[in-house]
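A closer look at the structure
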Amino acid sequence: MTVFVWLILCAIWGSTWIFIKKGLVDPASGSGLPPITFATARFAIAAAVLAIIIIARRLPLPRGRAQWSLMLVTGLLQFTINYSMVFWGETRISSGLASVLQGMISVFGLGLAWYFLPQERINGLKVLAVLVGFAGVGVIFSDQIRPADLQEFSGSAAIVCGAFSAALASILIKAKAQGIHPATMAFSQMVLGLPI
């Protein structure tokens, strides 16, 4: 069962980039959504689904100023900055290149964990895992990973900045979000960080 769930997760995560690209405005046909509108719609729908789950299961929302401040900061980092950059960047680069660049989250996360999570020391196995994972994504999309012009470079740079932002959000959550249910955490981050 665990392998099955893992395969489903890989399929969903791996196809994200293609579906983002397909849903963005196509200059030739005029169909699709502008990047920020698309990102906002995606996470507004996800937050609505989470709200139903939270109400049905009577899950507690974050409490106190410290938890809500953490949700605000990480929501802005993860959703406002990261996903705005991903959706905007994909208007300028291929979905394959976007996925490779977003893979920088693990590289940035390794370095940020060294600072924010001193109990989680960097070791050779962690470095190897990050490099193998990053190289694997690079090999899969090797025919799409060279930006051709300044427009593609700006899209690439935006996605790398978003990846750093997402890595920082993840590390802050791991360091400071003990006791917050994952569903209410994601809901709070999405609502507070909706790209608008």
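This text gives an overview of the structure that appears in the document. What you are looking at is a predicted structure, and each value in this text was computed from that prediction instead of being measured.

Moving on, we come to a nonpolar patch on the surface. Together, Leu61, Trp68, Leu72, Leu76 and Leu192 line one region of the surface with nonpolar side chains, adding up to about 390 Å² of accessible area. Per-element accounting of the nonpolar patch gives the leading share, three residues, to helix α3 (residues 64-89). The residue Leu72 is located in helix α3 in this model. Relative accessible area serves as the criterion here: at 38%, Leu72 is assigned to the partly exposed category.

This part covers unusual backbone geometry. In this structure, Arg58 takes a positive phi of about 55° despite not being glycine. Following the sequence through the fold, Arg58 ends up in the loop between α2 (35-57) and α3. The exposure class of Arg58 is exposed, given its relative accessible area of 74%.

What follows deals with the environment of Leu50. Looking at the element boundaries, Leu50 is found in helix α2. Residue Leu50 is classed as buried on the basis of its relative accessible area, which comes to 14%. Expressed as a C-alpha distance, the spacing of Leu50 and Phe187, which sit 137 residues apart in the sequence, is 6.0 Å. Those residues in contact with Leu50, other than ones at most four positions away along the chain, are Ala183, Ala186, Phe187 and Met190.

Cut-offs used in this document
- Residues numbered from 1 in each chain as written.
- Predicted model: local features only at pLDDT ≥ 70, side-chain atom pairs only at ≥ 80, totals over all residues.
- Heavy atoms only, no water.
- Patch = residues over 30% accessible without salt bridge, like charges linked within 9 Å, V, L, I, M, F, W, Y side chains within 5 Å.
- Areas by Shrake-Rupley, 256 points an atom, 1.4 Å probe, with all protein chains shown as cover.
- Salt bridge = Lys/Arg side-chain N within 4 Å of Asp/Glu carboxyl O.
- Helix = DSSP H or I, 4+ residues; strand = E, 2+ residues; numbered from the N terminus.
- Buried < 20%, exposed > 50% of the residue type's maximum accessible area, 1.4 Å probe, protein only.
- Contact = heavy atoms within 4.5 Å.

Honestly, it's all geometry; don't read function into it.
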